[in-house]
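Residue strings, one per chain:
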Amino acid sequence: MERNHQRDERILAHIGLYRLTFRRVLSVLFFDGRTAGNIVQRLCAEGRIQARGGLPQRLFYYQLTLAEASRRGLPVARSRPPKPQAFHAHLAILWHCCMSPAHRQRRRLERHELEKLFGNRVPGGPHLIEAGPTPRVFRVQVVGPGTPARSAVRALRRRVEYVRRRPELRAWVHNRQYAFLLLTDTPGRCARIAEIAKRHAIPSRAQVEFAHVPDYRAAGAALRAAKPRPRAP
């Protein structure tokens, strides 16, 4: 029973951190690819998580309930359906951190974790940390499906220049420990944005990475194709 309780807590912490998740994500992360259906049903019945629909292919996603978010000291907004732009960002970050085939150890960061690193004037927006010999913090920019590539690059350039002017972050940027990540919905758009950014010499000003992740339209197929990730040594 103690082991089950610890697993439940890890699942609930995961949902709270990423704002939403899917059964297949839980299966891959916590059950080595085996079904998570019984646990999901029990947590729903206990009033700790809730299912939401409205996605293509009758796909459901899961969030904490208001009672569970409050119990964990999280903002009540994490129990509410996100608006389209926020949903797109949460899905992209969830996928990049938890389902990317790169098999790197990544985790979304909470605001208080950023403030511990950089002080209370840390830039806004979502961040994640990537493990390695030298851990790296990324400011994540999720490019919406309708956002022109040039507009995405202009926004990236503004963020890079803003951070380079901040004394508390200047050394981090110089050492490539504070970096920038753009997530897009297709490989073609990803390559196009990277090409424009390179033309404007942005990667010479800061560490910048580009990756593509499925959007809500492709999430169902991507989840069905997802395989369990190797366990960290």
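Counting restarts for each chain: residues are numbered from 1 in the order of the written sequence. Totals for whole chains, interfaces and linings use all residues, but because this is a predicted model, local features are given only for residues with pLDDT of at least 70 and pairs of side-chain atoms are given and counted only at 80 or more. Just so you know, side-chain values use all the structure's heavy atoms and leave hydrogens and water out.

S.K.: Can you explain the pattern of salt bridges? Please cite residues and give values.
M.R.: The salt bridge criterion pairs a side-chain nitrogen of Lys or Arg with a carboxyl oxygen of Asp or Glu, the two atoms within 4 Å. All told, the structure shown has 22 salt bridges when counted by the stated rule. Of the charged contacts, one joins Arg-71 and Glu-68 as a salt bridge, the two residues approaching to 2.7 Å between their closest N and O atoms. With Arg-71 and Glu-68 both in helix 4 (residues 66-71) and three residues apart, the pair spans about one turn of that helix. What makes Glu-68 buried here is its relative accessible area of 4%. Put simply, DSSP marks the helices as runs of H or I at least four residues long and the strands as runs of E at least two long, and each gets a number from the N terminus on. Accessibility here uses a 1.4 Å probe with only protein chains present; expressed as a share of the type maximum, an area under 20% marks a residue as buried, one over 50% as exposed, and anything in between as partly exposed.

S.K.: Please give an account of the sheet that holds strand 5 (residues 136-142) that cites residues and values.
M.R.: For two strands to pair, DSSP has to find at least two bridges joining them. Taken in spatial order, the five strands line up as 3-4-5-6-7 in an open sheet, and their pairing is mixed. Pairing within the sheet leaves two strands with one partner each, and these edge strands are strand 3 (106-108) and strand 7 (208-212). Averaged over all pairs of adjacent strands, the angle between their axes in this sheet comes to 30°, without regard to strand direction. Where strand 5 meets strand 6 (residues 178-184), six bridges bridge the pair, whose relative direction is parallel. When the bridges of strand 6 are listed, Gln-141 appears paired with Leu-182. Strand contacts of helix 6 (residues 111-118): strand 3, strand 4 (127-130), strand 5 and strand 6, with the helix running at about 130° to strand 5, the strand carrying the most contacts. Helix 9 (residues 187-199) contacts strand 6 and strand 7 of the sheet and is inclined by roughly 165° relative to strand 7. Here the axes come from fitting lines to C-alpha atoms, over the contacting stretch only for helices, and the angles between their N-to-C directions go from 0 to 180 degrees. Note on contacts: a residue pair qualifies if any of its non-hydrogen atoms lie within 4.5 Å across the two residues.

S.K.: Tell me what's going on with a positive patch on the surface, and back it up with residues and numbers.
M.R.: What makes a patch is a set of residues exposed beyond 30% relative accessible area and free of salt bridges, joined within 9 Å when like-charged and within 5 Å when nonpolar (Val, Leu, Ile, Met, Phe, Trp, Tyr). Using a 1.4 Å probe, accessible areas were evaluated by the Shrake-Rupley method; residue-level cover was limited to the displayed protein chains. Positive charges come from Lys and Arg alone, negative charges from Asp and Glu alone, with His and the N- and C-terminal ends not counted. One atom stands in for each charge, and that atom is NZ of Lys, CZ of Arg, CG of Asp or CD of Glu. A cluster of basic side chains, namely Arg-150, Arg-154, Arg-157 and Arg-158, defines a positive patch on the protein surface. Turning to its location among the elements, Arg-158 is positioned in helix 7 (residues 149-164). On the basis of relative accessible area, Arg-158 is assigned to the exposed category, the value being 56%.

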